[in-house]
Amino acid sequence: MKTRFAPSPTGYIHIGNVRSAIYPYLLARQQNGTFILRIEDTDQARYVEGATELIEETLEWLGMNWDEGPIVGGPASPYFQSERAEIYHAWGQKLIDMGRAYADPTNAETIQKYRDECNAKKIPYLYRNFRPENPPEWKPGIPLRFKADPKPRTWHDEVMGDMSAGPEVQDDIVLIKADGLPTYNFAHIVDDAEMGVDYVMRGVEYLSSTPNYLALYEAFGLKIPKLVSLPHILAPTGNKKLGKRDGAKSVTEYRKDGILAEAMLNYLACLGWNDGTEQEIYTKDELIERFSLPRIQNSGARYDETKLFWMNGQWIRKIADEQGIEALYARTDGFWPENADAYDDNYKKRVLGIIYDRLKVLADLRDMTGYFFTDPEIDLKMLTENKFLKKLSEEELSELLQVSVRKLEAINDWNTDTLQAALNELLEETGKKPAELFSAIRLALSFAPFSPALHLTMEVLGKDTSLARINRAVNALEND
Ligand code: GLU
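A brief structural summary.

About the cut-offs
Residues numbered from 1 in each chain as written. Predicted model: local features only at pLDDT ≥ 70, side-chain atom pairs only at ≥ 80, totals over all residues. Heavy atoms only, no water. Helix = DSSP H or I, 4+ residues; strand = E, 2+ residues; numbered from the N terminus. Buried < 20%, exposed > 50% of the residue type's maximum accessible area, 1.4 Å probe, protein only. Polar contact = N/O pair within 3.5 Å; in protein donor to acceptor, adjacent residues only side chain to side chain. Contact = heavy atoms within 4.5 Å. Phe/Tyr/Trp six-rings, centres within 6.5 Å; stacked < 30°, edge-to-face > 60°. Lys NZ or Arg CZ within 6 Å of the ring centre and 35° of its normal. Patch = residues over 30% accessible without salt bridge, like charges linked within 9 Å, V, L, I, M, F, W, Y side chains within 5 Å. Areas by Shrake-Rupley, 256 points an atom, 1.4 Å probe, with all protein chains shown as cover. Salt bridge = Lys/Arg side-chain N within 4 Å of Asp/Glu carboxyl O. Lys, Arg positive; Asp, Glu negative; His and termini not counted. Charge placed at Lys NZ, Arg CZ, Asp CG, Glu CD. Pairing = 2+ DSSP bridges. Axes fitted to C-alpha atoms, helices over the stretch in contact; angles between N-to-C directions. Near = heavy atom within 4 Å. Nonpolar A, V, L, I, M, F, W, Y, C, P; charged D, E, K, R; others polar. 1 Å grid on protein atoms, 1.4 Å probe; cavity = no way out; pocket = protein on both sides within 12 Å on 5 of 7 lines; lining within 4 Å. Points joined across faces, edges and corners; volume = space filled by probe spheres on them.

Digging into the side chain of Arg38
And then number 1: Summarising the element assignment, Arg38 is placed in the loop between strand E2 (34-37) and helix H2 (51-61).
And then number 2: Arg38 gets classed as buried once you look at its relative accessible area, which sits at 0%.
And then number 3: At a separation of 3.0 Å, a polar atom in the side chain of Arg38 contacts the side chain of Glu40.
And then number 4: Engagement of the side chain of Arg38 in a polar contact is seen with the side chain of Asp192, the distance being 2.8 Å.
And then number 5: Sequence-distant contacts of Arg38, defined by excluding residues within four places in its chain, comprise Arg4, Phe5, Ala6, Pro7, Tyr79, Gln81, His188, Asp191, Asp192 and Met195.

Observations regarding the packing of aromatic side chains
And then number 1: Using the criterion set out here, one finds 19 aromatic pairs in the structure.
And then number 2: Both rings, one in Trp91 and one in Phe220, keep their centres 4.8 Å apart while their planes meet at 70 degrees; by these two values the pair is edge-to-face. Of the two residues, Trp91 is situated in helix H3 (residues 85-97) and Phe220 in helix H6 (residues 210-220); the sequence distance between them amounts to 129 residues. The two residues Trp91 and Phe220 agree in class, both being buried.
And then number 3: Their ring planes at 75 degrees and their centres at 6.5 Å tell us that Tyr184 and Tyr213 sit as a pair that is edge-to-face. With a gap of 29 residues between them, Tyr184 in helix H5 (residues 184-194) and Tyr213 in helix H6 connect regions that are remote in the sequence.
And then number 4: Among the aromatic residues, those joined into a cluster by ring pairs are Tyr329, Trp336, Tyr343, Tyr347 and Phe373.
And then number 5: Between Lys94 and the ring centre of Trp91, over which it is positioned, the NZ or CZ distance is 3.8 Å.
And then number 6: Sitting over the ring of Tyr127, Arg145 keeps its end group 3.5 Å from the ring centre.

Looking at a negative patch on the surface
And then number 1: A cluster of like negative charges, contributed by Glu49, Glu53, Glu57 and Glu60, occupies part of the molecular surface.
And then number 2: Judged by relative accessible area, Glu60 falls into the partly exposed class, the value being 48%.

Some remarks on unusual backbone geometry
Backbone phi values are negative for most residues with the exception of glycine, while trans is the configuration of most peptide bonds.
And then number 1: The omega torsion across Ser77 and Pro78 is -5 degrees, close enough to zero to call that bond cis.
And then number 2: Backbone geometry places Asn32, a non-glycine residue, at a positive phi of 50 degrees.
And then number 3: Mapping Asn32 onto the fold places it in the loop between helix H1 (15-30) and E2.
And then number 4: The exposure class of Asn32 is exposed, given its relative accessible area of 74%.

Things to note about the sheet that holds strand E3 (residues 101-103)
And then number 1: Strands sit in the order E3-E4-E7 across an open sheet of 3 strands; the sheet is antiparallel. At either margin of the open sheet sits one strand with a lone partner, and together these are E3 and strand E7 (174-176). On average, each strand axis in the sheet is tilted by 35 degrees relative to the strand beside it, whichever way the strands run.
And then number 2: Relative to strand E4 (residues 144-146), E3 runs antiparallel, the two sharing 3 bridges. Across the sheet, Ala101 pairs through a bridge with Phe146, a residue of E4.

Quick look at the site of the ligand
And then number 1: In the vicinity of the ligand, the contacting residues are Arg4, Ala6, Pro7, Ser8, Glu40, Tyr184, Arg202 and Tyr206.
And then number 2: Measuring from a nitrogen atom of the ligand, one finds a backbone N or O atom of Ala6 at 2.8 Å.
And then number 3: Contact between the ligand and Ser8: a nitrogen atom at 2.9 Å from a side-chain N or O atom of the residue.
And then number 4: Compared with its free state, where it exposes 300 Å², the ligand has 83% of that area covered by protein.
And then number 5: In terms of residue class, the shell around the ligand is built from 4 nonpolar, 1 polar and 3 charged.

As for empty space enclosed by the protein
And then number 1: Following the criterion strictly, the structure yields 1 cavity of 30 Å³ or more and no others.
And then number 2: Size it by volume and the largest cavity reaches roughly 60 Å³.
And then number 3: Taken together, Trp155, Asp157, Val200, Arg202, Gly203, Tyr206, Leu207, Thr210, Leu227, Val228 and Ser229 make up the lining of the largest cavity.
And then number 4: Those elements that place two or more of their residues in the lining of the largest cavity are strand E5 (153-157), strand E8 (199-203) and strand E9 (226-230).

Dropping the structure here:
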């Protein structure tokens, strides 16, 4: 059993591209089949340097290894369409020999004239009505066209159900262009046949061309692979397809923001598919086990970035809780604030250990952990205008912090237990509410909108830094 992912290397990998890879991957793994990666690079105008590598890296990052394709090779090598010209020529020749294809030297202006004529007469434009009478012999430089066999056709799509189409949508499509390279319409039929592909899973945008593909399968006497049209991914609002302008970033950008591969895979697999339960978090192995074609939905799936971020937060916690903070830490390279470089792994791991449950993306570390590595800028307004503290005068605030310093100074063994005990004593001795006392100390330490529980934060910062920070705030209040 073989499935394939057949991307065009355009340099930009959007959400939909990756989802088109996930389903064939899951199906192949579930059925102990073969997952093929084929690079559809016959559109020279769209070719982008490095785009193939980006596709490979993205699949590797997501943990979706391919069994045949670039790098690994395979029985149907090469897996780059641009290197398969001879194969397409041979298949084109077969059609010529059967009388089912012809060389077509008609130039673009003439074709446009045909179109205009049809428009003027308000009749549908079909190239087969203008088929040249005496086509020349086919040679490089002349496009090769299919000779359509228009008739009613029916087929089954694994997602869209039973389909039918009339002759009016079947035409003499171009098989090989003037540059000698095949069109997508022709190349994928040849490749899927040569590579033994059983499931053609791709975006629903190819559904309207399927009648032409059926004619080609028929002409070659090929068994029709299972056709699986994946629903569109819709923009967050309205009824249109998700586009670059709808706020969806490329997969590469999400990766740079610190979306985890597990979360990306989980989110995209569930965008247009569900297993009928309420479960939302799936590991790759669970997805492989549960995936089923009939449960792919046939209507558009709405893209929801908030959900992706939520899911990523779930995955961050899942990794830390199930595999340990070490495992999560291993993913955080490049996501720390600049000043963190001066600190060792052990310190950063401790910071991560108390903050990870607040992260949505790993890049949040950059904004949320700065004060663990640098003395924060003093912003007295944060203290004086805080909703729990604004009823205190600056003198009262300063006094509260000074009492706190004295209590904390007395701790010999600086750990979370002794810190918690000292904070409790302070509450009793000052008669303050926890929200007041803790906000005052927390802000003096971090000047950040939020931070982990106070005893944890102070334990990681250490005694010297904690006391120095509170004293700084006291000085600032005194000198204000
Ligand atoms: N190269 C096509 C694309 O990127 C793939 C369609 C297919 O999977 O057959 O849209």
